[in-house]
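Remarks on the overall topology
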Amino acid sequence: MLATTALLAGACGTSGSGEPADSGGPIELTIATFGEFGYERLLEEYEAAHPNIKVTERKSGKAGPHHQNLIAKLGAGSGLADIEAVEEGHLSNVLDKASRFNDLSQIGPADAGADRWLPWKFEMGKSKDGKLIGYGTDSGPLAMCYRKDLLEAANMPSDPQSVKPLFATWESYFQAGQEYVQASGGKPWFDSAAQNFNAMVNQQEVGYLDREDKLTLDNNPGIKRSWDQVTAAVTQGQSAKLTAFSNEWNSGFKEGAFATKACPAWMIGVIKEQSGVENRGKWAVTDAFPGGGGNWGGSYLTVPTQSQHPKEAAELAAWLTAPAQQLKAFQAKGTFPSQTEALASPELAAQTEPFFAGDPKTGELFAAQARKIAKPQYKGPGDGQIQENVSTPALQAVEQGTSAAQGWQQLVDGAKKIVG
Amino acid sequence: MTVVQAPRRDDRPSAVPPRPTFRHRLSKWDVKYSPYAYIAPFFVVFGLVGLFPLLYTAYVSLYDWEIGDDDPPFVGFENYVQLFGDGQFWNAVGNTLSIFVLSSGPQVVIAVLLAALLNTRLRGPTGWRVGILLPYAASLVAIGIIFANLFGNQYGLLNSILEAFGLDRVDWQAGTLSSHVAIATMVNWRWTGYNALIVLAAMQAIPKEINEAAVVDGAGPVRRFVSVTLPLLRPTLIFVVITSTIGGLQIFTEPKLFDVGQGSNNGGSSNQFQTVTLYMYQQGFENFDLGYASAIAWMLFLLIVVIALVNFLITRRLASTEGGRR
């Protein structure tokens, strides 16, 4: 009974605040975000510059519930904020319902054009029919983080310049992993298979779905090869088998359970927090990532058609994603900018990270990695669910003892169930 | 009922005058109909938050209804047909039943034994009673996180203890049975004390004279417990069994928090501990397939009704052969 009630509550999705659009008084805008966007001070600044506008921020803690709420209220037809933040992984579900969002290239200000963003970031915010649905906020360019002390103990190169060849391609990365496992007496090389596999799939020209939204797994040699590489590494004992963001994974940082970690810009903060002061100076980062570069994470600001003041909302969203503001958000909460101008700024270049060995210039390093990202991969509806609910658990099953072939079958069957 | 009837009988003999006054009639109506008005709020609330969702869910389950669809197509019983052929659903049913048996079984037995202990003369009885209720009062989310830590594969406390005794560590999340045991432990830890208190209340309502008579007849404590206490607890045990059936089959939070993937509804890497409610939630709010999720919800409802009935019959049987018929 409880279960059915819960289902109904979601289905009906009672409308939230539906303030009438009056012409006389100040315009009230709402912006719904999750996690930390670093907008608190910026919104105050915006209100001060625009006396006729009042902005309220609705913050939710985690991304999952935020997007569930977003899709449910999109369906209900009311209750959304004027500006809704959307995370990269959930973007395909939103682009799939493009008719319920405003085309920002039509209603937005002229200065928020394609040249503001890195090309791939801008392209990803567009729907299939070419409507601009979202302004890019932050991004997560990938680099490689590694434990300098552990590599040294295994008699392997350990300074940021000399490790680069190890991290040049996935072949060299897993080769080095095998050497490390042998030299260290069986210690794992990376945290979990899924963390690498997701990055590898994102680097493919065609992902889980092609442009016709058809599942590609039966004839996508790139993904199959990545699967074979990763699962082979698992059988060699390279994986610490720690599911990302679990309690065990957190403890793994303190214990030095793995030597390398795929490292989007925001991961620096996670490593710092989870490793603790006792591991200060043991981690290092280098501007190399197997297979070139990649992006992991980052969000967009959208204006649903439900908004009473779409023009004003688009203006605010454009202002928030302008290079100057994005730099301030970065300084406030570490959200790495995706705007070409912000990436070139001296402020960003000067950013260093004293927790890491050699006090690396992380701002400059990640800006360089961001420019290496080539083309965005098309992500159809269901792409994120395949990654979260099918490929990650399938790799976890392989780490728990399922054979690689059986795991692949689990991935194919599960993906067919979601797309089919 | 007695309230309704008592005045009426008083009225009859005095109802000799042919015309009852308006006041008289009003008070008659008051007696007759007011009780319905007094209990109406319950039925109104039940209709709104109980019956209506149930029926509406049945309605939704007949459509191919995705969140955001303007015009969901009617598909009749297709969702149910699909569900019957859905291996993942039956896997979830199996997991739910397994976790239910592993939790409710020990739970009721231990609760009765705990209640029997608490019913003896103890120092500071209130302290003990509050003590066993504490797990129930603790936040379920906190419990879930603590237990997920305890049962961690590499840094979990339980595995450290196993290793300290020279035993092999167990990958609690990976195995089907081991994960069910871990989840059942979580459920038992939380609910045993709660059930024990209910049983204790029933035990204290048993008249002392019956027990004293048994003592005079020469019955020992075990004999008294089996032949006197248990049969008299029958109605309470039926209540406890049915409530734990409903709760046990709807289990959701414990397996969700036990999954190492944050916020995952998969119930482990190969759905080894995905319960029916988790699967329903995944279909409804992760895949946005409301029609299918509603069909699952209805199947779960029917499953609960059937199992609660079976349990009711079994409990009645068991308790009555122990001496109820004598």
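Predicted model, so just to flag it, every value in this text is computed and none were measured.

Attention now goes to the overall build of chain A. A count of helices and strands for chain A gives 19 helices and 8 strands. Computed over C-alpha atoms, the radius of gyration of chain A comes to 22 Å, within 12% of the 22 Å expected from 2.2 N^0.38 for 420 residues, which places it in the range of a compact globule. If one aligns the C-alpha atoms of chain A with their principal axes, the spans along those axes are about 75 × 50 × 40 Å. Expressed as a percentage of its 420 residues, the buried residues of chain A come to 56%. Total accessible area on chain A is roughly 16500 Å²; 51% of this is exposed by carbon and sulfur atoms.

So, about the sheet that holds strand β1 (residues 27–34) of chain A. Residue and element names in this part refer to chain A. The 5 strands are arranged β2-β1-β3-β8-β4 in an open sheet whose pairing can be described as mixed. With one partner strand each, in any of the chains shown, β2 (53–60) and β4 (134–136) form the two edges of the open sheet. Within this sheet the neighbouring strands show an average axis-to-axis angle of 25 degrees, counted without direction. With 8 bridges joining them, β1 and β2 adopt parallel strand pairing.

Tallying each qualifying case throughout the model produces 3 cavities of 30 Å³ or more. What lines the largest cavity is a set of 13 residues, among which Lys241(A), Thr243(A), Gln400(A), Asn153(B) and Asp171(B) lie closest to the centre. Residues that form the lining of the largest cavity fall into these classes: 2 nonpolar, 7 polar and 4 charged.

Residue and element names in this part refer to chain A. Considering all chains together, one arrives at 18 salt bridges over all chains under this definition. Among the salt bridges present, the one from Glu36 reaches Lys333, with a minimum N-O distance of 3.8 Å. With Glu36 in the loop between β1 and α2 (40–49) and Lys333 in helix α14 (residues 323–333), the pair connects residues that are 297 residues apart, well separated along the chain. Ionic pairing is found between Arg147 and Asp149, a salt bridge with its closest N-O pair at 2.9 Å.

To continue, consider the confidence of the model for chain A. Residue and element names in this part refer to chain A. For chain A, per-residue confidence averages 90 on the pLDDT scale, and residues scoring 70 or more make up 94% of the total. Per-residue pLDDT, averaged within each element of chain A, yields its smallest value for helix α1 (residues 2–12) (39) and its largest for helix α8 (residues 170–183) (97). Contacts for the low-pLDDT stretch residues 1–22, under 50 throughout, to residues beyond four places or in other chains number 38 contacts.

It is worth spelling out the sheet that holds strand β6 (residues 260–264) of chain A at this point. Residues and elements named next belong to chain A. Pairing is antiparallel in the open sheet, where 3 strands are placed in the order β6-β5-β7. Looking at which strands have only one partner, the edges of the open sheet turn out to be β6 and β7 (283–286). Averaged over neighbouring strand pairs, the angle between their axes works out to 30 degrees when direction is ignored. Strand direction decides the pairing type here: strand β5 (residues 142–147) and β6, joined by 5 bridges, are antiparallel.

What follows is about the pairing of β6(A). Of all 5 residues in β6(A), 5 are buried; the element is thus mostly enclosed. Neither face of β6(A) is exposed, since Thr260(A), Ala262(A) and Pro264(A) on one face and Lys261(A) and Cys263(A) on the opposite face are all buried.

Moving on to the packing of α8(A) against helix α10 (residues 221–235) of chain A. The packing of two helices is summarised by the inter-axis angle and the distance between the axes. Residues and elements named next belong to chain A. Packing of α8 against α10 leaves a shortest axis separation of 10 Å and a crossing angle of 10 degrees. By the criterion of interaxial angle, the relationship of α8 to α10 is roughly parallel. Residues Trp170, Glu171 and Phe174 of α8 form the contact with α10, whose participating residues are Arg225, Gln229, Val230 and Ala233. Taken together, the residues of the contact of α8 with α10 sort by class into 4 nonpolar, 1 polar and 2 charged.

So, on to the UniProt feature "transmembrane region" (unreviewed entry) in chain B. Residues and elements named next belong to chain B. UniProt records the feature "transmembrane region" (unreviewed entry) for residues 35–56, 97–118, 130–152, 172–191, 232–252 and 290–314 in the present numbering. Taken end to end, residues 232–252 is 81% helix and 0% strand, and its first and last C-alpha atoms sit 34 Å apart. With 100% helix and 0% strand, residues 290–314 has its two end C-alpha atoms placed 36 Å apart.

The partner chain A presents 40 residues to the 45 residues of chain B that form the contact. Between chain B and chain A, roughly 3400 Å² of surface is buried when both sides are summed, and carbon and sulfur atoms account for 57% of that area. For the pair chain B and chain A, the interface holds 1 salt bridge. Asp86(B) serves as the salt-bridge partner of Lys417(A), at 3.3 Å between the closest nitrogen and oxygen. Across the chain B-chain A interface, the total number found is 14 residue pairs in polar contact (both at pLDDT 80 or more). Looking at the side of chain B that touches chain A, the elements that each hand over two or more residues are α2 (22–60), α6 (140–150), α13 (276–286) and α14 (290–324) of chain B. Top contributing element to the side of chain B that touches chain A by residue count: α2(B), with 8 residues.

All names here are of chain B. As for its position among the elements, Thr277 is in helix α13. Its relative accessible area of 7% is what places Thr277 among the buried residues. Separated by 23 residues in the primary sequence, Thr277 and Leu300 have C-alpha atoms spaced 8.0 Å apart.

All right, on to the state of the cysteines then. All names here are of chain A. Taken as a whole and assessed by the stated rule, the structure comprises 1 disulfide over all chains. With a sulfur-sulfur separation of 2.1 Å, Cys145 is cross-linked through a disulfide to Cys263. In this structure, the disulfide formed by Cys145 and Cys263 twists by about -70 degrees around the S-S bond and is classed as left-handed. Linking Cys145 in strand β5 with Cys263 in strand β6, this pair joins segments that are 118 residues apart in sequence. In terms of burial, Cys145 and Cys263 fall into one category: buried.

The next point concerns α6(B). Ile143(B), Gly144(B), Phe147(B) and Ala148(B) are the residues of α6(B) that are buried. Take α6(B) and look down its axis: the buried residues cluster within an arc of 130 degrees, on one side only. Here the buried face of α6(B) lies against α11 (247–255) of chain A together with α5 (125–137), α8 (176–204) and α12 (253–258) of chain B. Two or three places before Val141(B), at the start of α6(B), stands the capping residue Ser139(B), its side-chain oxygen 3.3 Å from that residue's backbone nitrogen.

Residues and elements named next belong to chain B. Here Asp168 shows up in the loop between α7 (157–164) and α8. A relative accessible area of 68% places Asp168 in the exposed class. A C-alpha to C-alpha distance of 32 Å links Asp168 and Tyr136, two positions 32 residues apart in sequence.

The rules behind these values
Sequence positions are assigned chain by chain, starting from 1 and proceeding in written order. Chains carry letters from A onward and ligands carry numbers from 1 onward, assigned in written order. In keeping with the model being predicted, local features are shown solely for residues with a pLDDT of at least 70 and side-chain atom pairs are shown and tallied solely at 80 or more, while totals for entire chains, interfaces and linings include all residues. Side-chain metrics in this entry use all non-hydrogen atoms of the structure; hydrogen atoms and water are not considered. Note on conventions: DSSP H or I runs of at least 4 residues are helices, E runs of at least 2 residues are strands, and numbering of each starts at the N terminus. Here the globule rule is a power law, 2.2 Å times the number of residues to the power 0.38, and the radius of gyration is based on C-alpha atoms. Relative accessible area decides the class of each residue, using a 1.4 Å probe on protein chains only: under 20% of the type maximum gives buried, over 50% gives exposed, and in between gives partly exposed. Accessible surface area values rest on a Shrake-Rupley calculation with a 1.4 Å probe, where residue burial reflects the displayed protein chains alone. Two strands pair if DSSP finds at least two bridges between them. A fitted line through C-alpha atoms serves as each axis, taken over the contacting stretch for helices, and the angle formed by two N-to-C directions is quoted from 0 to 180°. The way it works is a 1 Å grid over only the protein atoms, where trapped points that fit a 1.4 Å probe form a cavity and open points with protein on both sides within 12 Å along at least five of seven lines form a pocket, and then any residue with an atom within 4 Å of a point lines it. Grid points are joined across faces, edges and corners, and a volume is the space filled by probe spheres set on the points. Polar here means any residue other than Ala, Val, Leu, Ile, Met, Phe, Trp, Tyr, Cys and Pro, which are nonpolar, and Asp, Glu, Lys and Arg, which are charged; Gly is therefore polar. When a carboxyl oxygen of Asp or Glu is within 4 Å of a side-chain nitrogen of Lys or Arg, the pair counts as a salt bridge. Each residue gets a pLDDT score, which is the predictor's confidence in that residue and runs from 0 to 100. By definition, residues are in contact when any of their heavy atoms lie within 4.5 Å. By the definition adopted for this analysis, an angle is roughly parallel if under 35 degrees, roughly antiparallel if over 145, roughly perpendicular if from 65 to 115, and oblique otherwise. UniProt positions are given in the numbering used here, feature names are shortened, and annotations may be inferred rather than shown by experiment. Buried area: the sum, over both parts, of the accessible surface (1.4 Å probe) that disappears when the two are put together. Within 3.5 Å is the distance limit for a polar contact, defined as a pair of N or O atoms, with the added protein rule that one can donate a hydrogen and the other accept it, and that residues adjacent in sequence qualify only through two side-chain atoms. By convention in this document, the label disulfide applies to cysteine sulfur atom pairs within 2.5 Å. Think of it as the arc spanned by the lines of direction from the helix axis to the C-beta atoms.

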